[in-house]
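Fold and contact review
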Amino acid sequence: LRKATEEQRVVNVVGGGTKQGYGAPLLPDLVLEMGGLSGIEEWDPDDLTVTVGAGTPVAELEAALRERSQTAVLPEVPRASTVGGVISAGISSLRRARLLGTRERMLEVRLVTGDGRVVRGGGRVVKNVSGYDLPRLVVGAFGSLGVITSVCLKLWPMPPAAATITIDDVGVADRVTRPLAVLERNGVIEVFLWGTPEEVAASGGRLGGPAVEGHRWPGDPQGLYRWSVRVPPALTSEAIARLPSGWDYLAVHGAGDIRAASPNSDGADVLRSWVEASGGAVVVTEAPIGDLDGLDPWGSPPPGLEIQRRLIAQFDPARIINPGRLPGGL
């Protein structure tokens, strides 16, 4: 990275390669593939923390943690995603309404800046308040603050019982206290429960719908165009109703997170106008190259864009890592 900065060479950082559709990146001179930085470095089951290399596949990490009935609360259907890739793209679990997002699970990060400095932020304790809150800043930064090499994450214990209940109306979910997740996939609404066997059985009885043991986590919709629609949680159902005809969707009720796919971009501009007026965003996460007809991948630039630009300049002064992936062309 130091040499790339000296030579003004653009670097594309790749984990599992599943989130390469974001933004409008410049053609790279170098591709930095992170698979070699893989594996658990330190796991303390009693303290519910794990330190892991950024190139570790999410599926591999979660499989190891399940041996002690723990989870890092990363995406449930990760495909080839790596831990560092999920963090850099700012992707959270479908359980985020109950267990919070990836940003809230970050304790420590180690990274290498654009000009080759090795930096550590945070610490392997819950309370750490000195300097930049770097562990949270890197979430969703697409490598603009440096290439993540390892992270320490807070874990969550997994209780012994789980069930998935299908309901007819999202309001029915209010009959139980804090379900693990309430998801809607193309009109089918499911409530995900976990806890002791007695708690799960009691909650399932109050919901009253068909039940299956365990969790049937759905994957994100797949299509030529893929979208992330982000709205205030209270507007999730209205946002679903405003999706253009023909869009497949998976909505996370309680989090305002709607993941969608479509055969084209028709109607996206109208949807974006309403969503942005409501305080949200419509983001393109995958699209054919050069086929957005002038539609900005991120929409209107955020109000803090200049602050973001100045912060990035402290970590990547020559702007060589993944330029163009962020809002406003950063």
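Residues numbered from 1 in each chain as written. Predicted model: local features only at pLDDT ≥ 70, side-chain atom pairs only at ≥ 80, totals over all residues. Heavy atoms only, no water.

What follows concerns the sheet that holds strand β8 (residues 147–154). Strand order in the open sheet formed by five strands is β3-β4-β8-β6-β7, with antiparallel pairing between adjacent strands. Strand pairing shows two members of the sheet lacking a second neighbour, β3 (40–44) and β7 (118–122), which therefore form its edges. Put simply, the sheet's adjacent strands are angled 10° from each other on average, direction ignored. Both strand β4 (residues 49–53) and β8 contribute to a ladder of five bridges, which runs antiparallel. Counted as the bridge partner of Gly53 is Ser150 from β8. Where helix α2 (residues 58–66) meets the sheet, it contacts β3 and β4, and its direction lies at approximately 30° from that of β3. (Pairing = 2+ DSSP bridges. Helix = DSSP H or I, 4+ residues; strand = E, 2+ residues; numbered from the N terminus. Axes fitted to C-alpha atoms, helices over the stretch in contact; angles between N-to-C directions. Contact = heavy atoms within 4.5 Å.)

Turning our eyes to something else, we now look at the pairing of strand β16 (residues 257–262). Within β16, six of the six residues are buried, which leaves the element mostly enclosed by the surrounding structure. Burial along β16 is two-sided: the residues Asp257, Arg259 and Ala261 and Ile258, Ala260 and Ser262 are all buried. Examined bridge by bridge, strand β14 (residues 225–230) and β16 share six bridges and lie antiparallel to one another. Residue pairing across strands places Arg230 opposite Asp257, the latter belonging to β16. Where strand β15 (residues 248–253) meets β16, five bridges bridge the pair, whose relative direction is antiparallel. Of the residues in β16, the one forming a bridge with Tyr249 is Ala260. (Buried < 20%, exposed > 50% of the residue type's maximum accessible area, 1.4 Å probe, protein only.)

Okay, the pattern of salt bridges next. Under the criterion given, the structure shown has 14 salt bridges. In this structure, the salt-bridge partner of Lys3 is Glu7, at a minimum N-O distance of 2.8 Å. Here Arg226 and Asp220 are joined by a salt bridge, their closest N and O atoms 4.0 Å apart. Where salt bridges share partners, they join Asp220, Arg226, Asp257 and Arg259 into one cluster. (Salt bridge = Lys/Arg side-chain N within 4 Å of Asp/Glu carboxyl O.)

Right, let's get into α2. Listed in full, the buried residues belonging to α2 are Val58, Leu61, Glu62, Ala64 and Leu65. When α2 is viewed along its axis, its buried side chains cluster within an angular range of 160° and face the same direction. Taken together, the buried residues of α2 touch β3, β4, β5 (70–71) and α3 (83–89). (Arc of directions from axis to C-beta.)

The antiparallel open sheet is built from eight strands, whose spatial order is β13-β10-β12-β11-β15-β16-β14-β17. Both outer strands of the open sheet, β13 (211–213) and β17 (281–286), are each paired with one neighbouring strand and no more. Across the sheet, the mean angle from the axis of one strand to that of its neighbour is 20°, orientation sign disregarded. Pairing analysis gives five bridges linking β14 to β17, with the strands arranged antiparallel. Residue pairing across strands places Arg226 opposite Glu286, the latter belonging to β17. Packed on one face of the sheet, helix α6 (residues 197–207) meets β10 (161–167) and β12 (188–195) and runs near 155° to β12.

Successive side chains on a regular strand alternate, one facing one side of the sheet and the next facing the other. When you tally the buried positions in β8, you get six out of eight residues, the bulk of the element. Two strands pair when backbone bridges link them, and strand β6 (residues 106–112) and β8 are joined in this way by six bridges, in the antiparallel orientation. The residue of β8 that forms the bridge with Arg110 is Ser150.

Along the chain, Thr49 falls in strand β4. With a relative accessible area of 14%, Thr49 lands in the buried category. When near neighbours in sequence (up to four residues on either side) are disregarded, Thr49 contacts Glu42, Trp43, Asp44, Leu107, Cys152, Leu153 and Leu155.

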